[in-house]
Amino acid sequence: MSKTAKILCIEDEKDLRENISMILSSENFEVITAANGLEGYEKFISEKPNLVLCDINMPVMSGTELLEKLGNSHNEQLIETPFLFLTAYSQKDDKLNGINLGADEYVVKPIDFDILLSTIKTKVKKNSDLKSASKAKLIDLCEHVSTLIPKEIQQPLQNIITLSATLKKSI
């Protein structure tokens, strides 16, 4: 059975990071872990996860610093990736700060793993559904645009589209 999604778990507490990884793996997720924000940043870029679960208070680079850096340098990838803060900070201002930075959800410690799993599954499914819908709309648009273009332009344009699709697959 294939894995359902790739989750990047960024947590400085080793035992908690391992517990989260074990539980997510048992639910058929592929789990990549990082012990701090800087390591998480590097893995976000190289692994291209489907969802990020990130502690806020960590050494080297905090979760808020990570989210801000990703928003500045990899915003397109971040927009396509649900980002969940996992933290002991439960005050309203802390939650608002995380959400204002672009977090999609705010999970408070101690973790209720049933709620965490439900949240992750919902976010992953919704994100997958959005990507599928966007792809279907793009295909539909491409099919309709081609009917409006004169025949002299259609063949060169079709060659460009085919080449673009080939290049995209090789990336």
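Please refer to the structure higher up on the page.
The notes below deal with the structure included here. (Residues numbered from 1 in each chain as written. Predicted model: local features only at pLDDT ≥ 70, side-chain atom pairs only at ≥ 80, totals over all residues. Heavy atoms only, no water.)

The element strand E1 (residues 6-10) is largely enclosed, with a buried count of 5 among its 5 residues. The alternating pattern of E1 places Lys6, Leu8 and Ile10 on one face and Ile7 and Cys9 on the opposite face, and all of these are buried. With 5 bridges joining them, E1 and strand E2 (residues 30-34) adopt parallel strand pairing. Bridge pairing in E2 places Leu8 opposite Ile32. (Buried < 20%, exposed > 50% of the residue type's maximum accessible area, 1.4 Å probe, protein only. Helix = DSSP H or I, 4+ residues; strand = E, 2+ residues; numbered from the N terminus. Pairing = 2+ DSSP bridges.)

So, about the packing of helix H2 (residues 37-47) against helix H3 (residues 63-73). Closest axis-to-axis distance for the H2/H3 pair is 10 Å, and the angle between their directions is 30°. Judged by the twist between their axes, the crossing of H2 over H3 is right-handed. The segment H2 lies against H3, with Gly37, Gly40, Tyr41 and Phe44 engaging Leu66, Lys69, Leu70 and Ser73. Of the residues assigned to the contact of H2 with H3, the class counts are 4 nonpolar, 3 polar and 1 charged. (Axes fitted to C-alpha atoms, helices over the stretch in contact; angles between N-to-C directions. Left-handed = near helix turned anticlockwise from the far one by under 90°. Contact = heavy atoms within 4.5 Å. Nonpolar A, V, L, I, M, F, W, Y, C, P; charged D, E, K, R; others polar.)

It is worth spelling out the packing of aromatic side chains at this point. Under the counting rule described, the total for this entry stands at 2 aromatic pairs. Here a set of aromatic residues connected by ring pairs shows up, and it is made of Phe83, Phe85 and Tyr106. Looking at Lys69, its charged tip hangs above the ring of Tyr41, at a distance of 4.3 Å from the centre. (Phe/Tyr/Trp six-rings, centres within 6.5 Å; stacked < 30°, edge-to-face > 60°. Lys NZ or Arg CZ within 6 Å of the ring centre and 35° of its normal.)

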